[in-house]
Amino acid sequence: MKNIFIVIALSFFTSVHAQKAEIVLKEKLTGVKKFKDIMAIVETHFAEEKKDIVASKNDETNEEFESEYLHWKRWEQYYATRLNDNGEPADVNYNTTKAFEILKSREQSNAALRSGSDAPWSFIGPWTNAYQGGFYRGLSRIDEIVFHPTDPNILFAAAPNGGLWKSTNNGLTWDILTFYFPISSVGSIAVSQQDANRIWVITGDANGGGSANGIPSNNSAGIWVTYDGGYNWFKTNFNDNRALNIFNGYKIVVHPTNHNILMAACRNGLFRSTDGGINWTQIIFSTVIYDIEFDPSNANNVYASGISRFYLSTDNGVTFPANQQTFVGGSRIEIGVSPNNSNYVYLLAGPYTSNNSFGGIFRSSTKGTQNSFSTRCTTPNVLCDASNGVVTANDAGDQSGYDLAIAVDNNNAEHIIVGGKIIWQSVNGGTTMTNVTRYDEGNQNAIPSANYIHPDIQDLAFSPLTNTFYATTDGGVYRTTNNGTNWTDISNIHATTFNHMAGAAYDVNKVMAGCQDNGVKYKKDAGDFTHITGADGFDCSFGNSAAVGMYASVNNSLVRFNSAGTNIGGITVPFSTGFYPVIIADPVNTNTVYVGNFGGVYKSINNGLNWTDSFKIVGGTNQSIAMAPINGNRVYAMSTSMLYRTDNGGANWSTDLTVNPGFTATGQFTDVNVCPTNSDLVYVTIGGYTSGRKVFYSMDAGSNWQNISGTLPAEVKVNCIVTDNLNNAYIGTDLGVFYQASSSADWTPYYNELPRIPVYDLAIHAGSGKIRAGTFGHGVWETTLFTTCDIDYTVGNVAGEKYYTASNRITGNGIIAGGDVTKVSFRAGNEIVLTDGFNTYERNTFNGVIGPCEGGVVLRNSLVGRATDKTPSIYSAIDKGDSLELYKYGIISVQKNEGSAYIFNLNELEIGNYILKITDVEQNVVYPDISFDSKSVNNTIIQKADFTNITIKKLLVHLYYEGKLVHIQEVLLL
């Protein structure tokens, strides 16, 4: 996690202090169940810790280390909208897998109808680790790499938010093995040495989120197994006791000669299976176990490690006698062993101590027997980010509770590699250490230094077949064949974890997204995304034209770029502290931008150079700010439990809109969205897992509400919503995208060929008819907006989840394959024809239904005609230009002047004749036309209108260019 806000220790904590702090916090949280109580204790606890840290310089080349506090803040962001009805963190694994089964059952019975012939989603990036600017280039966090037992070209990689990936060409390309897996997170992998098709994964993100006894961690779903190389997955009994959170695991290993025996190192102990991972027995209780290893020459010896402790079993892991060894000042410990000399057992311990060192590197020459470990070194500090191992005012110390790794050469037991933030190695068993990689690129050139890899080292490993050395980090996977002098980036695993995403209305190709650990990615043309800044990217927004540029929030800072993706600076931070600010650029008023952060909404009218404190929002952190491109003065701002509106650009705000009639939800708000053609039409999405409280809709700017949750399963968690020009809605959930027509009573799945992954953000480009999905673990995807069925459709060979509809005939002439992940449905109005070439194999699901393409849709009386009655019918007549730019002919900014007078600022005009036509919402002309000419390109013209005699509160201003309608703008008469 790369962070811009900097904290540097004024006085180094001893490892005993760090260990005590973690234990004290766990004690404080014992028995605490409610989310708000948990976070109150966490904040109070770390308030004391933060007395010993101070802010340093604020630039991207430095970072706040991955502290336990930051992990709790990440946990807070995840669970704030994933609570049960008692206000307790919900069992996300249970709810998500149950929702998956419910939706699968509906699809098999065709109760859920599909729209369009296929409307498949396609991945649009980031494809590679393409670079443009900034530091800490990376693609996706990878926690572990594991090797095929006989083929040196086959690698397996664990993405903690993106699943299990496999390469058959030594990392040149990667394929996902858990595409339709209901839980996307994989933390550790074990591959049978006797049968490489037998693979186990332990899910979750034990490193990346705060947790304690009885408090769940992110994305954990226990241990799963496949017997056919990943086509079909089976859930083991490891996750039966969800209340204890025992399934939040760090590592899983399989016996080298008997794949019925497995061991799992978890936050709440050590577990063992003797039946191939189906059932598990707890061996070590009530303490965190970080690492587990088998003796390379004698599998009866099993090594385990925890907080300042090393454990040894000599009976194949059945028991771990009381001869556990304690390392004062060791904190987290990782283990390294080598077949070259199996008597050697290495331990890497953190954190650093008061003499600028770290816990140390230790070695036993007698297989880890009691009192056999000797200290190899405690300096330099191999866990800090300084290449000389000396912690200074600009080089933070360790984050070993988050990243710590050690590996021993298969052919030379004196050669060890260790990693914290960067990598060090030794050729004399750890007595002396040499720096191998650097913390940052050293410059912002397209080609980084030869010894640079993305920092925060999660795993280190030597291939048992080639002895090639691999590293996995917060940015991807890397390998070296010359002991770290040069590194090859093999990070093109498409598991980027995006928090938010935005598209430019003026250019269909421009998409920007902020991702965890790997900054902000920008797609500026038809090509791939590029890396434009590092750290933890969060929210982003485009200005109303290319000239304005675009904005992003990165950790607790704000960044402004030009349309080429270059950081142009000139933006300040309007708040003093806090992560996860949301940001939106005004779609109408040029150079205006709003930011929401802990308790406040801030406005700038000069691209973020100066800010005004617009509004003190209450009810939790600010979750979303929304504006309609038809009205720049109306803004909706939402916290996790309240919603507010301003009609005059933030000068005045309403009271909480969710207390108005029809709104029955009481919190866990996730998103607010406004129809792009009518700012009265507003939607709110609700998180949590309560049936019938998912989506609410207002036709009068929040004065009255309707519940349009439909039959969405209670277990489906909703994250975001967007609407198209005709007021049709799309929601992003933890299991994909759903669609509801403006006249429909319910939601239908809209996730053909989209992985089972949380969709955190959606964006529509009206001109091209495209919708994009930003996912937390699989990058960005796109498809077309809702379309009616084709008349006839032909389906060939298919695998995976596919849904085909046609108003007349569907012809199937191919093979349906893929196993349990394949669920194919045909729905045709008149006939389904299966030719001689059609075939479906065992375990694949195929459904064929004769019925109308959109049959079965029930209209909700109160919503009938909501699109035609409440959206301007002439909107579809807008000429968007051949380049699909929404504002090809100019931008209108409407501002109140004095009395009833309003000023129209028209910017970036093309040469030619223009007419301003002013109507009511029914398109009746209420004001004389205003005609003018633009004599030059990018011209700015000011026009004035006085509405003294007009009593209507909302008007529409139509801009015509050379007789063509090119833009519509709302005016709210105040």
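Residues numbered from 1 in each chain as written. Predicted model: local features only at pLDDT ≥ 70, side-chain atom pairs only at ≥ 80, totals over all residues. Heavy atoms only, no water.

S.K.: How would you sum up the overall build of the protein? Please name residues and give values.
M.R.: Looking only at helices and strands, the protein has 5 helices and 71 strands in total. Looking at the protein alone, contacts between residues at least 24 apart form 55% of all its contacts between residues at least 6 apart. Taken as a whole, the protein presents about 32300 Å² of accessible surface, with 49% of it coming from carbon and sulfur. (Helix = DSSP H or I, 4+ residues; strand = E, 2+ residues; numbered from the N terminus. Contact = heavy atoms within 4.5 Å. Areas by Shrake-Rupley, 256 points an atom, 1.4 Å probe, with all protein chains shown as cover.)

S.K.: Help me get a handle on the packing of aromatic side chains, residues and values and all.
M.R.: Tallying each qualifying case throughout the model produces 38 aromatic pairs. With a centroid separation of 6.3 Å and 45 degrees between ring planes, the pair formed by Tyr522 and Phe542 is classed as tilted. Here Tyr522, found in strand S34 (residues 519-523), pairs with Phe542, found in strand S36 (residues 537-542); they are 20 residues apart in sequence, far enough to count as distant. Taken as a pair, Tyr522 and Phe542 share a single burial class, namely buried. Ring geometry for Phe663 and Phe669: centres 5.5 Å apart, planes at 70 degrees, overall edge-to-face. What makes Phe663 buried here is its relative accessible area of 9%. A relative accessible area of 0% means that Phe669 is categorised as buried. Taken together through their ring pairs, the aromatic side chains of Phe35, Trp72, Trp75, Tyr78 and Tyr79 make up a single cluster. When the ring centre of Tyr131 is taken as reference, the NZ or CZ atom of Arg137 above it lies at 3.6 Å. The ring centre of Tyr751 lies 4.1 Å from the NZ or CZ of Arg756, which sits over that ring. (Phe/Tyr/Trp six-rings, centres within 6.5 Å; stacked < 30°, edge-to-face > 60°. Buried < 20%, exposed > 50% of the residue type's maximum accessible area, 1.4 Å probe, protein only. Lys NZ or Arg CZ within 6 Å of the ring centre and 35° of its normal.)

S.K.: Help me get a handle on the environment of Pro713, residues and values and all.
M.R.: Position of Pro713 relative to the elements: it lies in the loop between strand S49 (706-707) and strand S50 (718-723). Taking relative accessible area as the criterion, Pro713 reaches 6% and is therefore assigned buried. Between the C-alpha atoms of Pro713 and Gly692, which are 21 residues apart in sequence, the distance is 8.2 Å. Here Pro713 is in contact with Ile102, Leu103, Arg106 and Lys694, once residues within four sequence places are set aside.

S.K.: Can you lay out the environment of Tyr902 for me, pointing to particular residues and giving the numbers?
M.R.: Relative to the helices and strands, Tyr902 is located in strand S66 (residues 901-909). It is 9.0 Å that separates the C-alpha atoms of Tyr902 and Leu973, two residues lying 71 residues apart in sequence. Ignoring sequence-local partners within four residues, the contact set of Tyr902 consists of Val894, Gln895, Lys896, Asn897, Gln943, Lys944, Ala945, Phe947, Val971, Leu972, Leu973 and Leu974. For Tyr902, the side chain forms a polar contact with the main-chain oxygen of Leu972, separated by 3.5 Å. (Polar contact = N/O pair within 3.5 Å; in protein donor to acceptor, adjacent residues only side chain to side chain.)

S.K.: Can you lay out the sheet that holds strand S12 (residues 249-254) for me, pointing to particular residues and giving the numbers?
M.R.: Strand order in the open sheet formed by 4 strands is S12-S13-S14-S15, with antiparallel pairing between adjacent strands. A single partner strand is all that each edge strand has here, and the edge strands are S12 and strand S15 (281-285). Each adjacent strand pair in this sheet contributes to an overall mean axis angle of 20 degrees, direction not counted. Where strand S14 (residues 269-273) lies against S15, 4 bridges are found, and the strand directions are antiparallel. Opposite Arg272, over in S15, you have Thr281 as the bridge partner. (Pairing = 2+ DSSP bridges. Axes fitted to C-alpha atoms, helices over the stretch in contact; angles between N-to-C directions.)

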